[in-house]
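# Observations on the three-dimensional arrangement
One letter stands for each residue in the lines below.
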Amino acid sequence: MASSADLPAICTAFGDLLHQAGVPVTPERSARFTTSVVLAEPTSLHELYWLGRVTLTTAHDQYETYDRVFRQVFRGLVDIADIRGDAAESDEGGSPAPALPGEAPAPDTGDGGGGPEGRQGSGATPGAIDSDADADHASALAAVSARERVNDKEFSTLTDEELRLIQRLVEQLPFVPPLRRGRRTRRHRKAGDIDIRATLRRAHRSAGDPVQMVHRKRTTNPRRIILIADVSGSMEPYARIYLHLLRGAVRAIKAEAFVFATHLTRLTRQLSTNHTDVAYRQAAAAANDWSGGTRIGVALRSFVEDFGRRGMARGAVIVIVSDGWESDRPELLAETMERLSRLAHHIIWVNPRKAAESFEPLTGGMAAALPYVDTFLSGHSLRALQDVMDAISEAGDRVERSTRARARLAS
Amino acid sequence: MSLAELVPSPEALADRLESCGYLADEGLATALFCAVRLPQPLLLEGEAGVGKTQAAKSLAQMLDTPLIRLQCFEGIDASEALYEWNYPRQLLSIRMAETQGASLDEASLFERDYLIERPLLQAIEHDGPNPAVLLIDEVDRADEEFEAFLFEMLAESAVTVPEIGTIEARQPPIVILTSNRTRDLHDALKRRCLYHWIDYPDLEQATAIVRARVPQASIELTQQVAGAVERLRGLDVQKPPGVAEAIDWVHAASLLGVVELDEDGVERTLSSVLKYREDQDLARAEGLSWVASG
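Here's a quick rundown of the structure. Since the model is a prediction, treat every value here as computed from it, not as a measurement. (Residues numbered from 1 in each chain as written. Chains lettered and ligands numbered in written order. Predicted model: local features only at pLDDT ≥ 70, side-chain atom pairs only at ≥ 80, totals over all residues. Heavy atoms only, no water.)

### Some thoughts on the overall build of chain B
A tally of regular secondary structure across chain B gives 16 helices and nine strands. Look at the contacts in chain B between residues 6 or more apart in sequence, and 75% of them connect residues 24 or more apart. (Helix = DSSP H or I, 4+ residues; strand = E, 2+ residues; numbered from the N terminus. Contact = heavy atoms within 4.5 Å.)

Structure, rendered in structure tokens:
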């Protein structure tokens, strides 16, 4: 195999195929693959498989695609026609990313819950905000008055034009992350511990006697913010706005963003790109359960287990946007919220239905979750969103856990 | 023996690792082979307790080179990872020179004697027949800035100390990074690394691994524990037990004189494998005899 003069070409071609299937393979990686093949001189497909997987992939979730492409190229010639058909379709789409969730069946655990009828992402993704072209032409005055007009409008009753305006405004909302005490120290003029090293160094100047004390004080760092938004059918009118809030937070303060309906999807990476349209298209493709049923408990549990417990949620401020309509067991949600509340620093629950006068947090899920919520807000209009912003930036101070929420539930 | 002689192929590497008491499957052996021979840093990911750190330790043992370990944490910086000047010692030298009336110029204060070597510099300075194994543990815990600093060092295999000059590695160390995926690592770092995800081993392999690590325990006990750990992992536990827990469990059981895993034996040793109260409750609800024998 190593004697083949075309080895680099073959390896690169394989890398290209993989790239088309959505695994980001750089020429550098293909070169590495080639070198490894020369070094190890694999004699079986098995060995070749492992060499490629080690050198070409960069994440655990790429293994599925890698396996598929490998099978396609090196095994069962019969399959090739079928799979090529799929690949050609996805090529027409232009961007390779959306091809994946479509091809691979959704990892739906399949017990009840929402059906996959909401698969067509375009329904729920906002028709993409029209960049900033509109704003540039409108005079400043018009913009201000337009903002006044939509300030108190309920999110579920917007015209298309208002929706676009609000989406743009929401994305630019000023995020001020709360602070936590950092591990590092910084030199300070008078307060804090004495920095022995710097004091001694300065003592060189005064013949070895420490005349001038140097102090260091702990720095403060922004706390991690995690936003988890419900994009199930019942939340659809709000989801198209909250997705923009997610993007604003991801870009402004490096928040982590997740959405869920029947299962949880991490969107941080997709939403952080500079290009607005691409961001939302990728987000829609990544989360393939838009407008599906709701399984909050299952989604939050997978958040706690796959991300939260590993460290992401520790000491973080978590914002959950959901109406609390749980189609699964509420006990699971309660149990998960309890675990989450032990990990997180502060939990903010935003429920747009709270604004309705007749609202009482009695839906199974909401009642189960509320005891573990520190701040409970409505966030149903632009003005109400400002409260959410304030709650986030004030969440740095430790408050007596959920006393307020409990009192509210009792009354 | 040179590296090429020591590890001519992934299978040879797996065999040698086995004689050091570490059983690597084909994928991991290939990954380690590439890390040693290409040479290229290797990023290992996987659930806690599948043997990421042990892989590096055993590799070092196999190559008969020192394992240099850098444990990452939030706020780690260059002075903790690379080098630091020994200030108290410098100061003492100045005082000594003063009392003895000797002259001491500044350059002699910044010599190697006053340099405290931290893990990265140690790994680069290592001079043996084979390169050192540098284990950068839990790199996801370090700050992003530190990551940037790290991959500069990985790419160059050289360290610059302004007062001394650039120290280049005679043999670039074999670098193994581990991550628990608390955050996404930077693409630039991933780009420079090979990647391998270590899965939980299957029942047969888990038994073999535990036997290799705790040879004094009976075969029956080892098999039962491996089976029980796999059953517990199937439960909806918060912290699924890995191979490390299985090894702890067999250790604990054989220490207590448990020869065969029964209900009573599980009761006495359960806390060595399940570390959350909720998890233990869950196992108890399922029945201890179920845990013991399925």
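### Regarding the interface of chain B and chain A
Between chain B and chain A, the residue contacts involve 47 residues of the former and 41 residues of the latter. Regarding the contact of chain B and chain A, the summed buried area is about 4000 Å², with carbon and sulfur atoms giving 47% of it. Contact with chain A buries surface across chain B, with Y87, Y195 and Q238 of chain B losing the most and accounting together for 16% of the total. Run the count over chain B and chain A and you get eight salt bridges. E74 of chain B serves as the salt-bridge partner of R180 of chain A, at 2.7 Å between the closest nitrogen and oxygen. Inspection of the region where chain B meets chain A yields 20 residue pairs in polar contact (both at pLDDT 80 or more). Contributions of two or more residues to the side of chain B that touches chain A are made by α2 (10–19), α3 (26–37), α5 (78–81), α6 (87–100), α9 (144–156), α10 (187–192) and β9 (194–198) of chain B. Here the element with the most residues in the side of chain B that touches chain A is α3 of chain B; it accounts for seven residues. Looking at side-chain class alone, the side of chain B that touches chain A contains 18 nonpolar, nine polar and 20 charged residues. (Buried area = accessible area lost by both parts, 1.4 Å probe. Salt bridge = Lys/Arg side-chain N within 4 Å of Asp/Glu carboxyl O. Polar contact = N/O pair within 3.5 Å; in protein donor to acceptor, adjacent residues only side chain to side chain. Nonpolar A, V, L, I, M, F, W, Y, C, P; charged D, E, K, R; others polar.)

### Quick look at α3 of chain B
Residue and element names in this part refer to chain B. Given a rise of 1.5 Å per residue, 12 residues ought to cover 16 Å, and the 16 Å separating the end C-alpha atoms of α3 matches this to within 8%. Burial analysis of α3 places 11 of its 12 residues in the buried class, which makes it a mostly covered element. Where α3 is concerned, the buried positions are G27, L28, A29, T30, A31, L32, F33, C34, A35, V36 and R37. (Expected span 1.5 Å × (residues − 1). Buried < 20%, exposed > 50% of the residue type's maximum accessible area, 1.4 Å probe, protein only.)

### With respect to the environment of T222 of chain B
By secondary structure assignment, the location of T222 of chain B is in helix α12 (residues 219–234). Along the sequence, T222 of chain B and I247 of chain B sit 25 residues apart, while their C-alpha atoms lie 8.9 Å from each other.

### Observations regarding the packing of α12 of chain B against helix α13 (residues 243–255) of chain B
Residues and elements named next belong to chain B. Closest axis-to-axis distance for the α12/α13 pair is 10 Å, and the angle between their directions is 135°. Considering the angle they form, α12 stands oblique to α13. Read as a crossing pair, α12 and α13 show a hand that is right-handed. Each of L221, V225, A228, V229 and L232 in α12 lies in contact with α13, whose residues at this interface are A246, W249, V250, A253 and S254. Broken down by class, the residue content of the contact of α12 with α13 amounts to nine nonpolar, one polar and no charged. (Axes fitted to C-alpha atoms, helices over the stretch in contact; angles between N-to-C directions. Parallel < 35°, antiparallel > 145°, perpendicular 65-115°, else oblique. Left-handed = near helix turned anticlockwise from the far one by under 90°.)

### A closer look at the sheet that holds strand β2 (residues 193–194) of chain A
Residue and element names in this part refer to chain A. The three strands are arranged β1-β3-β2 in an open sheet whose pairing can be described as antiparallel. Of all the strands in the sheet, just β1 (179–188) and β2 have a single pairing partner and so form its edges. Pairing between β1 and strand β3 (residues 215–222): seven bridges, direction antiparallel. Bridge assignment links R186 to a residue of β3, and that residue is K217. (Pairing = 2+ DSSP bridges.)

### Here we look at the packing of aromatic side chains
In this structure the tally under the stated criterion is 14 aromatic pairs over all chains. With 5.2 Å between their ring centres and 80° between their planes, Y49 of chain A and W50 of chain A make a pair best called edge-to-face. Between F258 of chain A and F303 of chain A, the ring centres sit 5.1 Å apart and the planes meet at 75°, which makes this aromatic pair edge-to-face. Here F258 of chain A, found in strand β5 (residues 256–260), pairs with F303 of chain A, found in helix α14 (residues 296–312); they are 45 residues apart in sequence, far enough to count as distant. Among the aromatic side chains, those forming a connected cluster through ring pairs are F14, F33, Y49, W50, Y66 and F70 of chain A. The positively charged end of R53 of chain A is found above the aromatic ring belonging to Y63 of chain A, 3.6 Å away from the centroid. Taking the ring centre of Y114 of chain B as reference, the NZ or CZ of R89 of chain B above it sits at 5.5 Å. (Phe/Tyr/Trp six-rings, centres within 6.5 Å; stacked < 30°, edge-to-face > 60°. Lys NZ or Arg CZ within 6 Å of the ring centre and 35° of its normal.)

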